[in-house]
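# Structural characterization, general
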Amino acid sequence: MKEVTENVFPPREPKPKWLRVKLPTGKNYTDLRGLVDKYKLNTICTSGSCPNMGECWGEGTATFMILGNICTRSCGFCGVKTGRPEDVEWDEPEKVARSIKLMNIKHAVITSVDRDDLKDMGSIIWAETVKAIRRMNPNTTLETLIPDFQGVHRNIDRIIEVAPEVVSHNMETVRRLTREVRIQAKYDRSLEVLKYLKEQGINRTKSGIMLGLGETEEEVIETLHDLANAKVDIVTIGQYLQPSKKHLPVKEYIRPEQFEKYEKIAKDLGFRHVESGALVRSSYHAEKHIL
């Protein structure tokens with residue numbers, strides 16, 4: 001991604017009061033932080049600068065990021081580093097599974113960077129990670145937040161074969177803004193991935209979008225309709241927050257009542273679960289989405 005100078009974007013508007021987050025504190029947070037550091041695990045909580053890290057880690061839960069912490073894509077919204085990834089660590093599945101056991105996690109969320117540099121786009125490690133978690137933690141339920149694997153069915157099939165309880169793939173934004181926000185991704189390709197997962201028998205599919213990037217209400221509603229037509233079960237709607245001055249600016253802070261409106265619209269469309277609020281992220285309250 002081309003480096004953006006600080007002068008391109010106007011000064012950032014102060015965050016409104018409804019975007020205040022709790023500072024990470026407490027024994028559970030400290031213990032979990034120690035395990036993540038000890039085993040050198042990558043979590044999207046830290047790499048993605050998630051505002052809910054204090055709350056989630058305080059509850060003893062985390063979203064693990066596999067396949068390294070350098071992404072081959074350069075999305076304008078994402079705080080994960082972009083560049084040439086390191087070699088695949090083939091012992092990573094066992095390492096993640098062991099850590100989940102140590103932390104006594106009952107519902108684990110696994111995500112990854114995009115690995116367009118690999119022939120299988122990382123799908124083999126994905127499947128092996130799910131298998132390792134199942135072997136070592138037979139009572140742990142799983143959500144896999146997957147990349148699009150460039151829409152290649154044989155790669156998506158590896159996820160389907162290991163049958164996580166929830167398979168998630170995020171749209172991130174509305175159709176018009178996809179090229180600017182996600183750059184190497186395609187709106188219709190992401191929709192096709194979600195449709196294919198459902199058609200191939202995945203019980204619960206899930207997707208998420210961010211607001212505040214310049215989308216209109218009509219465009220958000222259109223995206224919700226597209227997801228409903230793809231038979232997606234769970235949708236998350238949250239506020240985009242700029243990770244750094246090099247990333248896309250926040251065009252608007254969405255008010256709580258607007259999130260409530262989108263929640264009602266989504267529920268009326270028939271989604272099984274809807275999480276809609278300024279601090280909602282794709283894995284927020286993930287343990288509730290298997291109920």
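What comes next is a walk through the structure. None of these values were measured; they are calculated from a predicted model. (Residues numbered from 1 in each chain as written. Predicted model: local features only at pLDDT ≥ 70, side-chain atom pairs only at ≥ 80, totals over all residues. Heavy atoms only, no water.)

What follows covers helix H10 (residues 256–268). Here H10 contains 13 residues, and its C-alpha end-to-end distance of 19 Å stays within 8% of the 18 Å for a straight helix at 1.5 Å per residue. If you check which residues of H10 are buried, you get Phe259, Tyr262, Ile265 and Ala266. Buried residues of H10 fall within an arc of 120° about the axis and therefore sit on the same side. Residues Glu260, Lys264 and Asp268 are exposed on H10 and point more than 90 degrees away from its buried face. On the buried face of H10, the contacting elements are strand E8 (205–211), helix H9 (217–229), strand E9 (234–239) and strand E10 (273–276). (Helix = DSSP H or I, 4+ residues; strand = E, 2+ residues; numbered from the N terminus. Expected span 1.5 Å × (residues − 1). Buried < 20%, exposed > 50% of the residue type's maximum accessible area, 1.4 Å probe, protein only. Arc of directions from axis to C-beta. Contact = heavy atoms within 4.5 Å.)

Here we come to helix H1 (residues 27–38). Across its 12 residues, H1 extends 16 Å between first and last C-alpha, which sits within 8% of the 16 Å expected from 1.5 Å per residue. Every buried residue belonging to H1 is among Tyr29, Leu32, Leu35 and Val36, and all of these are buried. End-on, the buried residues of H1 take up no more than an arc of 130°, which puts them together on one face. Facing away from the buried surface of H1 by more than 90 degrees, the exposed residues are Lys27 and Lys38.

Quick look at the pairing of strand E6 (residues 141–145) now. Burial analysis of E6 places five of its five residues in the buried class, the great majority of the element. Burial of E6 is two-sided: the residues Thr141, Glu143 and Leu145 facing one way and the residues Leu142 and Thr144 facing the other way are all buried. Judged from the five bridges that link them, strand E5 (residues 107–112) and E6 form a sheet pairing that is parallel. Each bridged residue has a counterpart across the sheet, and for His107 the counterpart in E6 is Thr141. For the handedness criterion, the β-α-β arrangement of E5, helix H5 (residues 123–136) and E6 is classed as right-handed. Pairing geometry for E6 and strand E7 (residues 166–168), over three bridges, is parallel. Its bridge partner being in E7, Thr144 is matched across the sheet by Val167. (Pairing = 2+ DSSP bridges. Right-handed = clockwise from strand over helix to strand, strands pointing away.)

Another point: the pattern of salt bridges. Within the structure shown, the criterion is met by 18 salt bridges. The closest approach of N and O atoms between Arg135 and Glu94, which form a salt bridge, is 2.5 Å. One end of the pair, Arg135, is in helix H5; the other, Glu94, is in helix H4 (residues 92–102), with 41 residues separating them in the sequence. The shortest N-O distance in the salt bridge between Asp148 and Arg189 comes to 3.2 Å. Of this pair, Asp148 sits in the loop between E6 and helix H6 (153–162) while Arg189 sits in helix H8 (residues 187–199); the two residues are 41 residues apart in sequence, bridging distant segments of the chain. For Asp148, a relative accessible area of 1% translates into the label buried. The class of Arg189 is buried, set by a relative accessible area of 19%. (Salt bridge = Lys/Arg side-chain N within 4 Å of Asp/Glu carboxyl O.)

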